[in-house]
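Remarks on the overall topology
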Amino acid sequence: MAITLNVNGATHQIDADPATPLLYVLRNDLALNGAKFGCGLGQCGSCMVMVEGEAVLSCVTPIMLLEGREITTVEGLGTIEEPGPVQAAFIEMQAAQCGYCIPGMMMSAQALLQKNPAPSDEDIRNALSTNLCRCGTHMRILAAIRRAGEVMQSAGMTGTNRRTG
């Protein structure tokens, strides 16, 4: 059965079982490998993407629920040449160590900052509560998200505005 997905602004016809988790379609059919397979149970956040601005665990979200909805992956936030504000802040603040969880962290951060560009540390921690990391860069991650919020505010990227490129 063909399902139409809108991923990072592009429309894709996916021929897959409607119960297929989005993560598998992103990685296997669309070659978007930013979202990672961690636990497969929606408990670690390494597969986080955004659906219409909300952080969503792609490993437990079947594609049948996503037809016609806007899906954004970490690849949709920017490019290597022109990273988006969240990506640039994570680089600037050296917030990654191994990097496995970082795309999911970035997506949770992006979803938060689109709603609240000046979050408190408590707001950030709540938004990242689904994202697990064992590397110990938590303070740098908090600093990166605060920095991205500052950049987004100064660029007028509030509400549902997002970087396109």
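Okay, so let's go over this structure. Bear in mind the structure is a predicted one, so any value in this text is a computation, not a measurement.

Observations concerning the sheet that holds strand E5 (residues 70-72)
Read from one edge of the open sheet, five strands run E2-E1-E5-E3-E4, paired in mixed fashion. In this open sheet, the two edge strands, each paired with only one partner strand, are strand E2 (10-15) and strand E4 (54-57). For this sheet, the mean inter-axis angle between neighbouring strands, taken without regard to orientation, is 40°. Where strand E1 (residues 2-7) lies against E2, six bridges are found, and the strand directions are antiparallel. In the strand pairing of E2, threonine 4 is matched with glutamine 13. This element, helix H1 (residues 22-29), spans E1, E2, strand E3 (48-51) and E5 of the sheet and lies at about 80° to E1. The sheet strands contacting helix H3 (residues 102-115) are E3, E4 and E5, and the helix crosses E3 at an angle near 30°.

A few points about the nonpolar core
One finds Leu5, Phe90 and Ile145 to be the most contacted residues of the largest nonpolar core, which totals 48 residues. Every element with two or more residues in this core is listed here: E1, H1, E3, E4, helix H2 (85-92), H3 and helix H5 (138-154). Residue contributions to this core peak at eight residues, all from H3. Non-local contacts of isoleucine 145, meaning those with residues more than four positions away in its chain, are made with Phe90, Ala109, Leu112, Leu113, Ile124 and Leu128.

Quick word on the pattern of salt bridges
Side chains that differ in charge, positive against negative, can pair when their charged atoms come close. A complete count under the given rule lists five salt bridges for this structure. Residue lysine 115 pairs with glutamate 54 through a salt bridge whose shortest N-O separation is 3.2 Å. Note that lysine 115 is positioned in helix H3 and glutamate 54 in strand E4, a separation of 61 residues in sequence. Assessed through its relative accessible area of 51%, lysine 115 is described here as exposed. For glutamate 150, the salt bridge identified is with arginine 147, shortest N-O distance 3.4 Å. Residue glutamate 150 and its partner arginine 147 are located together in helix H5, separated by three residues, close to a single helical turn. Three or more residues joined by partner-sharing salt bridges are found here, namely Glu92, Arg147 and Glu150.

Structural notes on a nonpolar patch on the surface
A contiguous nonpolar surface patch, about 290 Å² in accessible area, is contributed by Tyr24, Phe37 and Tyr100. Among the secondary structure elements, tyrosine 24 is positioned in helix H1.

Side note on the environment of methionine 107
Following the sequence through the fold, methionine 107 ends up in helix H3. On the accessibility criterion, methionine 107 (0% relative accessible area) is buried. Sequence-wise, methionine 107 and glutamate 54 are 53 residues apart; in three dimensions their C-alpha atoms are separated by 9.1 Å. With sequence-adjacent residues up to four places away left out, methionine 107 is seen in contact with Met48, Val49, Met50, Thr72, Thr73, Val74 and Leu77.

Digging into the packing of H3 against H5
At their nearest, the axes of H3 and H5 sit 11 Å apart, and the two run at 40° to each other. Compared by their axis directions, H3 and H5 come out oblique. Along this stretch, H3 crosses H5, giving a crossing that reads as right-handed. Taking contact as the criterion, the partners of Ile102, Met105, Ala109, Gln110, Leu112 and Leu113 in H3 are, on H5, Ile141, Ile145, Ala148, Gly149 and Met152. Residue composition of the contact of H3 with H5, grouped by class: nine nonpolar, two polar and no charged.

Cut-offs and rules
Residues numbered from 1 in each chain as written. Predicted model: local features only at pLDDT ≥ 70, side-chain atom pairs only at ≥ 80, totals over all residues. Heavy atoms only, no water. Pairing = 2+ DSSP bridges. Helix = DSSP H or I, 4+ residues; strand = E, 2+ residues; numbered from the N terminus. Axes fitted to C-alpha atoms, helices over the stretch in contact; angles between N-to-C directions. Contact = heavy atoms within 4.5 Å. Core = buried A, V, L, I, M, F, W, Y, C linked by side-chain atoms within 4.5 Å. Buried < 20%, exposed > 50% of the residue type's maximum accessible area, 1.4 Å probe, protein only. Salt bridge = Lys/Arg side-chain N within 4 Å of Asp/Glu carboxyl O. Patch = residues over 30% accessible without salt bridge, like charges linked within 9 Å, V, L, I, M, F, W, Y side chains within 5 Å. Areas by Shrake-Rupley, 256 points an atom, 1.4 Å probe, with all protein chains shown as cover. Parallel < 35°, antiparallel > 145°, perpendicular 65-115°, else oblique. Left-handed = near helix turned anticlockwise from the far one by under 90°. Nonpolar A, V, L, I, M, F, W, Y, C, P; charged D, E, K, R; others polar.

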